[in-house]
Amino acid sequence: MEFILLGFGNVPELQVLLFLLFLVIYIMTMAGNILTVMLVVADPHLQTPMYFFLGNLSCLETCYTSNILPRMLASLRTGDRTISVSGCFMQLYCFGVLACSECYLLAAMSYDRYLAICKPRHYVSLMNDRFCFQLVVGSWISGFVAASIIVSGISMLMFCAPNKIDHFLCEFNVVIKLSCSDTHSMVLVAFLLSSLFTLPPFLLTLTSYISIITTILRIPSSTGRQKVFSTCSSHLMVVTIYYGTLIIVYLLPDINTLRGMTKVFSAFYTILTPLVNPLIYSLRNKEVKEALRKVVRKLGTFTAVQRIQANAFRSK
């Protein structure tokens, strides 16, 4: 009827500290990503393909974080680490949708940078509004299809004791180990789907950046190379963190040395990546910082006007 998410319960003396840490991370992640979406929507200068993808990535990261951290915070606060079977499958489904969608969305962003740097003359005609919308919708559809097939297959398995999941979320590799059914076919299907829905965007991203780096190296001046590279360095950092930890968790051999670090590496692409995305894109991007300054100035002006009106009302 239920599973037990062990999470970080092996360090009970750090439960309060972990609760405060993850609470701060959750607040900062939600604030940073929601602010990014608001800036992209409100500022006309940010309504370009690159920022359209960035806004969608921030929406995805908001859902990603909300799928994991509230449940973890409740567990750390109350000590209740149980989760119903249906709740576990729902978390697994949302996790699969968002993880797969992010792979394709990062690939779309890398393709956008490839066209902007390697094919600048054709960029406006190729990366039009309709094509951008199709890339985003296709990213979400791929996530829903992959997660629906995998979770529907898992839901038909039989589960028996022990019901303890040595993780902080319901994730395929740890849930499937608790089944007492024959899982060989399910593991094969999951592997094929994971390869089908994650390998193509990874190869597209890799190919795009190989072409981008090759083009940058052909620029004669160092100033020109630095200026061009700055337009894609933020995205390259995000891709490296995300795919690097995914490869460590899912593709490296399941040995004891790495098994103990699985939760730590998983925290990178499920918790830390949504946190650093808005920081990387905003702190390293002049347009986003300028849009933020405009919003702050407008808020300051609005506050000042409200204060003046309030003082005038009191004087009457």
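Model, not experiment: these values are computed from the prediction. (Residues numbered from 1 in each chain as written. Predicted model: local features only at pLDDT ≥ 70, side-chain atom pairs only at ≥ 80, totals over all residues. Heavy atoms only, no water.)

Trainee: Break down the overall build of the protein chain for me, citing the residues and quoting the values.
Mentor: On a plain count of helices and strands, the protein chain comes out with 11 helices and three strands. Expressed as a percentage of its 316 residues, the buried residues of the protein chain come to 41%. Sequence-distant contacts in the protein chain: of pairs separated by 6 or more residues, those separated by 24 or more amount to 77%. A total of about 17,200 Å² of accessible surface is found on the protein chain, and carbon and sulfur atoms cover 70% of it. (Helix = DSSP H or I, 4+ residues; strand = E, 2+ residues; numbered from the N terminus. Buried < 20%, exposed > 50% of the residue type's maximum accessible area, 1.4 Å probe, protein only. Contact = heavy atoms within 4.5 Å. Areas by Shrake-Rupley, 256 points an atom, 1.4 Å probe, with all protein chains shown as cover.)

Trainee: I'd like a description of the state of the cysteines, backed by residues and values.
Mentor: If you walk through the whole model with that rule in mind, you get one disulfide. Unpaired in terms of disulfides, Cys 103 finds its nearest cysteine sulfur in Cys 100, a separation of 6.2 Å. (Disulfide = S-S within 2.5 Å.)

Trainee: So what about the sheet that holds strand E3 (residues 164-165)? Which residues, and what values?
Mentor: Strand order in the open sheet made by the three strands is E2-E1-E3, with mixed pairing throughout. Edge positions in the open sheet fall to strand E2 (82-84) and E3, since each of these has one partner strand only. Pairing between strand E1 (residues 2-5) and E3: two bridges, direction parallel. Bridge pairing links Leu 5 to Ile 165 in E3. Across the face of the sheet, helix H3 (residues 85-118) comes into contact with E1, E2 and E3 while running at roughly 85 degrees to E2. (Pairing = 2+ DSSP bridges. Axes fitted to C-alpha atoms, helices over the stretch in contact; angles between N-to-C directions.)

Trainee: Outline the confidence of the model for the protein chain, listing residues and values.
Mentor: A low pLDDT score tells you not to read the predicted coordinates there in detail. For the protein chain, the mean per-residue pLDDT works out to 82, and 89% of the residues sit at or above 70. The secondary structure element of the protein chain with the lowest average pLDDT is helix H9 (residues 256-259), at 57, and the one with the highest is helix H5 (residues 129-155), at 90. (pLDDT = per-residue confidence, 0-100.)

Trainee: Just give me the short version of the pattern of salt bridges, but keep the residues and values in it.
Mentor: The final tally for this structure, using the stated rule, is one salt bridge. For Arg 113, the salt bridge is made with Asp 112, and the minimal N-O distance between the two is 2.9 Å. You'll find Arg 113 and Asp 112 in the same group, each marked buried. (Salt bridge = Lys/Arg side-chain N within 4 Å of Asp/Glu carboxyl O.)

Trainee: Give a description of H5 that names residues and reports values.
Mentor: In a regular helix each residue adds 1.5 Å, so 27 residues correspond to 39 Å; H5 covers 39 Å between its end C-alpha atoms and thus fits that length. Within the span of H5, buried status applies to Cys 132, Val 136, Ser 139, Ser 142, Gly 143, Ala 146, Ala 147, Ile 150, Val 151, Gly 153 and Ile 154. Buried residues in H5 make contact with helix H2 (49-78), H3, helix H6 (172-176) and helix H7 (184-217). The N-capping residue of H5, defined by a side-chain oxygen 3.3 Å from the backbone nitrogen of Arg 130, is Asn 128. (Expected span 1.5 Å × (residues − 1). Polar contact = N/O pair within 3.5 Å; in protein donor to acceptor, adjacent residues only side chain to side chain.)

Trainee: Explain the packing of H2 against H3 to me, using residue names and the numbers behind them.
Mentor: Taken N-terminus to C-terminus, the directions of H2 and H3 make an angle of 160 degrees; their axes are 10 Å apart at the nearest point. Here H2 lies roughly antiparallel to H3, going by the angle between them. When you trace H2 past H3, the crossing you get is left-handed. Classifying every residue of the contact of H2 with H3 gives 17 nonpolar, four polar and five charged. (Parallel < 35°, antiparallel > 145°, perpendicular 65-115°, else oblique. Left-handed = near helix turned anticlockwise from the far one by under 90°. Nonpolar A, V, L, I, M, F, W, Y, C, P; charged D, E, K, R; others polar.)

Trainee: Could you give me a rundown of the environment of Leu 14, with the residues and numbers involved?
Mentor: If you trace the backbone, Leu 14 turns up in the loop between E1 and helix H1 (15-42). Exposure remark for Leu 14: the relative accessible area of 35% places this residue in the partly exposed category.

Trainee: Quick one: what's the story with the environment of Glu 290, residue by residue and with numbers?
Mentor: If you trace the backbone, Glu 290 turns up in helix H11 (residues 286-315). With relative accessibility at 30%, the residue Glu 290 sits in the partly exposed group. Along the backbone, Glu 290 and His 45 are 245 residues apart, and their C-alpha atoms lie at a distance of 9.8 Å.

Trainee: Which residues make up the nonpolar core, and what are the values?
Mentor: Counting residues in each nonpolar core, the largest one holds 51 residues, and the members touching the most others are Phe 22, Phe 53, Tyr 64, Met 72, Phe 168, Tyr 242 and Ile 271. Elements with a minimum of two residues in this core: H1, H2, H3, H5, helix H8 (222-250), helix H10 (262-283) and H11. Here this core takes 11 residues from H2, the largest share from any one element. Non-local contacts of Ile 271, meaning those with residues more than four positions away in its chain, are made with Phe 22, Ile 25, Thr 29, Leu 69, Met 72 and Phe 168. Ala 146, Ile 150, Ile 165 and Val 175 belong to the second-largest nonpolar core, a separate cluster that totals 23 residues. (Core = buried A, V, L, I, M, F, W, Y, C linked by side-chain atoms within 4.5 Å.)

Trainee: Any details on the pairing of E1? Residues and values, ideally.
Mentor: A one-sided burial pattern is seen for E1, the buried positions being Phe 3 and Leu 5 and the unburied ones Glu 2 and Ile 4. Strand direction decides the pairing type here: E1 and E2, joined by three bridges, are antiparallel. What sits directly across from Phe 3, in E2, is Ile 83.

Trainee: Describe the packing of H5 against H7, with residues and values.
Mentor: It is at 10 Å that the axes of H5 and H7 come closest, and there the two elements cross at 175 degrees. As summarised for this structure, H5 and H7 are arranged roughly antiparallel, according to the angle between their axes. Along the contact surface, H5 presents Ser 142, Val 145, Ala 146, Ile 149, Ile 150, Gly 153 and Ile 154, while H7 presents Met 186, Val 189, Ala 190, Leu 193 and Phe 197. Of the residues belonging to the contact of H5 with H7, the class tally is 10 nonpolar, two polar and no charged.

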